[in-house]
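# Descriptive analysis of the structure
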Amino acid sequence: MVIIWIGIGIGILLAAILIKKIITTSPRTPLKFGMRCNKCGYKTNGLKCPRCENAPDHQRWK
Ligand SMILES: [Zn+2]
């Protein structure tokens, strides 16, 4: 029954590699397009732009 253990080992290894890949790639290299606000270019790291969020167009003249 060594083959089963080899299969399990390969499966775990593949899962570990996949998880590691997801963990290492997602926070460090997100889509470069999503990292900046498409309105003002402020670095947002994929979040809502704090500049445009705090100062929308209709409040700019305040
Ligand atoms: Zn913005």
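In this text, all values refer to a predicted model and were calculated from it rather than measured experimentally.

Procedures and definitions
In every chain, residue numbers begin from 1 and rise along the written sequence. Reporting in this predicted model follows two pLDDT cut-offs: at least 70 for local features of residues, and 80 or more for side-chain atom pairs to be given and counted; totals over whole chains, interfaces and linings ignore these cut-offs and use all residues. Per the convention used, a helix needs a DSSP run of H or I reaching at least four residues, while a strand needs a run of E reaching at least two, with both numbered from the N terminus. Counting other C-beta atoms within 10 Å of a residue's C-beta gives its exposure: the residue is buried at 20 or more, exposed at 12 or fewer, and partly exposed in between, where C-beta atoms are placed from the backbone. UniProt positions are given in the numbering used here, feature names are shortened, and annotations may be inferred rather than shown by experiment. Working definition of a contact: two residues with C-beta atoms, positioned from the backbone, lying within 7 Å.

## Brief notes about the overall build of the protein
Helix and strand counts for the protein stand at 2 helices and 0 strands. Buried residues in the protein amount to 0% of all 62 residues.

## Focus on the UniProt feature "transmembrane region" (unreviewed entry) in the protein
Here the UniProt feature "transmembrane region" (unreviewed entry) sits at residues 6–23. Each end of residues 6–23 is marked by a C-alpha atom, and these two atoms are 25 Å apart; helix forms 100% of the span and strand 0%.

## Here's the deal with the environment of cysteine 40
Position of cysteine 40 relative to the elements: it lies in the loop between helix H1 (2–28) and helix H2 (50–54). Note on cysteine 40: 11 C-beta atoms within 10 Å, which makes it exposed. Residues cysteine 40 and arginine 51, 11 residues apart in the sequence, show an inter-C-alpha distance of 8.0 Å. Look past the residues within four positions of cysteine 40 in its chain and what remains in contact with it is Cys49, Arg51 and Cys52.

## So, the environment of proline 50
Note on placement: proline 50 falls in helix H2. Proline 50 gets classed as exposed once you count the C-beta atoms within 10 Å, which come to 12.

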